[in-house]
Amino acid sequence: MNEQDAVLVIGATGNVGRQVVRELVAAGTPVRALTRNPGAARLPSAAQVVQGDHADPDTLRPHLAGVRAAFLVWPRLDDTGTARELVDLLAEHVDRIVFLSSAAVRDDLDEQEELIGRAHREIELAIERSGVRWTFLRPWAFAANALEWAEAARAGDVVRGVLGDHPVTMIDERDIAAVAVRALTEEGHAGAAYELTGPELLSPVQRVRLIGEETGVELRWAELSDEQWQQRLLAMGFDDDDAKAFRENFRASLGTPQPITDAVREVTGKPARTFRDWLRWRAAEFTDPVPEVGAPEAGVVLMSTWTLDDPQRQRAAADAVLEAWAEGTWPPGLLRHSVLLGTDGETVLHYSQWTDEAAVAAFREADPPERVKRIDDEVPGIRRNGVTDYRLYRSRVDSGSLRPGCVVVVSFRTDTAETGRGFVDQLLSWQAAELPDGSIGGMSSNHFHVGVEGTSVVNYAEFADEAAHQAVVDGMLGADDTVPRMIENTPGLTGLGFQRFVPYRGLTRS
Ligand SMILES: NC(=O)c1ccc[n+]([C@@H]2O[C@H](COP(=O)([O-])OP(=O)(O)OC[C@H]3O[C@@H](n4cnc5c(N)ncnc54)[C@H](OP(=O)(O)O)[C@@H]3O)[C@@H](O)[C@H]2O)c1
């Protein structure tokens, strides 16, 4: 295949499109990846990322020369008219379209009964009429739909949904992408409509249990009322009648078990992934982002910062590192990797807890260069500011501790480890005498870490939010010069500064 044989991926940053881009790049196929916002795309550098909005087909025109195949996603079910325009435009340039349709399309009906089936079938028909070779992917529910529970899971909250005991099939987006890539690059798929599922039926309650098992967070399920379900569908863009029809269809289907198809294996040669496989890949979305500082099994903590140019790339870098961990080999001895985002919009803080120094040394020896390469490939220009190994020395944890919305990292250097530890002892004694348990509103902890090499000290301090920390800076420290004097009177203490962060995501393995 040469540059004239590029594949255009529409919806390239979405659940499925992102995986299609990755698979095509891995196979050496030239890829043009369409997104409205290239700056936030986080796609492999080998893909040509182009700007456009498929809801405005004219914006695609400059990117169609040399494209021979297109992967099409159309998430706007309320606007199939524009989809038809887009199909006609694509058909002038490409000889095949692989369309991400839906299992809601029913071949036994002349008129589709509900919105999702109707919208996708309309687009399928437009593609059929356009004269290009086509393949339709008709997946059942995506495993990614569980991401709607992620926020509740991260907060350790109740997960709310409907029909919690009803077993359904779902499919890993990577499997949909694998089928798409075969259809885009191989012969033998023209005119096929593949009904795609995962390998198992699981009820929402069972899935929530698995999320708890993989992330260590205890979760509960709460059933939504019919009215709440209706409101949810309206918020997703359904109108009143379509939402009612959708609910009725869903209820009517309860008596008939959903199918498990073998299409993923038949097309790709590999079995479809399980929900647990998917969860291991996306676990960072569900994991409580607040690390348990002081966990007794954490003998060593590695802290490092990265600097990026803007908040979009800051977040992209954070996502990239967690995804690289999730997809790679989890090193023995790594308990948890937590990522926090600097409130400056540029800094990423890594706080990783390890069992001991031997595990860290073994990891450094064995860490495959591909892990770092992959992060740099998707987010070029990360400035790495060095890694320091710490041991937690002493903590002050106030009773009734709150959930930290802001972490302040206060760092400084000392001439020797004794000076550092002595300063921390002095500070904590003063705090205990002058600022009794719970007296600093909005602050829940100070965790002093001393560098294994002896001269760096970090206080990882947890606050309710940024305002609570600012109040401490303005009020307590401003009103009293005890701490500044303590600093002045500690010879060899240098480089004192602080930076604020917000917990973002974490990853752990049981
Ligand atoms: N979820 C399910 O259970 C399920 C099941 C069967 C079928 N499907 C179908 O799968 C499709 C969705 O696939 P997906 O989950 O991979 O997509 P997605 O994650 O929703 O991403 C769609 C991508 O389209 C791009 N886009 C461009 N213009 C857009 C616009 N005006 N509005 C929204 N997005 C726009 C966005 O990229 P940029 O922001 O980078 O431009 C976005 O990343 C839908 O057609 C859905 O009906 C879903």
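A brief look at the structure comes next. (Residues numbered from 1 in each chain as written. Predicted model: local features only at pLDDT ≥ 70, side-chain atom pairs only at ≥ 80, totals over all residues.)

From N to C terminus, the protein chain includes 16 helices and 19 strands. Of all 510 residues assigned to the protein chain, the portion counted as buried reaches 38%. (Helix = DSSP H or I, 4+ residues; strand = E, 2+ residues; numbered from the N terminus. Buried ≥ 20, exposed ≤ 12 C-beta atoms within 10 Å, placed from the backbone.)

Here we take up the pairing of strand S4 (residues 67-72). Burial runs high along S4: 5 of the 6 residues are buried. When S4 meets strand S5 (residues 96-100), the two strands line up parallel, connected through 4 bridges. Counterpart to alanine 69 in the pairing with S5 is arginine 96. Handedness of the β-α-β unit built from S4, helix H2 (residues 80-91) and S5 comes out right-handed. (Pairing = 2+ DSSP bridges. Right-handed = clockwise from strand over helix to strand, strands pointing away.)

With that out of the way, let us pick up the nonpolar core. If you look at the biggest cluster of nonpolar residues, it comprises 118 residues, and the most contacted ones within it are Val9 and Ala180. Here this core gets 8 residues from one element, more than from any other, and that element is helix H5 (residues 173-185). For alanine 180, the contacting residues outside a window of four places in its chain are Val20, Phe71, Val98 and Leu137. (Core = buried A, V, L, I, M, F, W, Y, C linked by C-beta atoms within 7 Å. Contact = placed C-beta atoms within 7 Å.)

The N-to-C vectors of H2 and helix H3 (residues 115-130) enclose an angle of 25°; their axes lie 9 Å apart at closest approach. Compared by their axis directions, H2 and H3 come out roughly parallel. The crossing of H2 and H3 is right-handed. Contact residues: H2 offers Thr80, Ala83, Arg84, Val87, Asp88 and Ala91, while H3 offers Ala119, Glu122, Ile123, Ala126, Ile127 and Ser130. (Axes fitted to C-alpha atoms, helices over the stretch in contact; angles between N-to-C directions. Parallel < 35°, antiparallel > 145°, perpendicular 65-115°, else oblique. Left-handed = near helix turned anticlockwise from the far one by under 90°.)

Our focus in this paragraph is unusual backbone geometry. A positive phi is found at arginine 42, a non-glycine position, where the angle reads about 50°. Residue placement: arginine 42 occurs in the loop between strand S2 (31-35) and strand S3 (48-51). One non-glycine residue, leucine 163, lies in the positive phi region at around 50°. Relative to the helices and strands, leucine 163 is located in the loop between strand S7 (158-161) and strand S8 (168-169).

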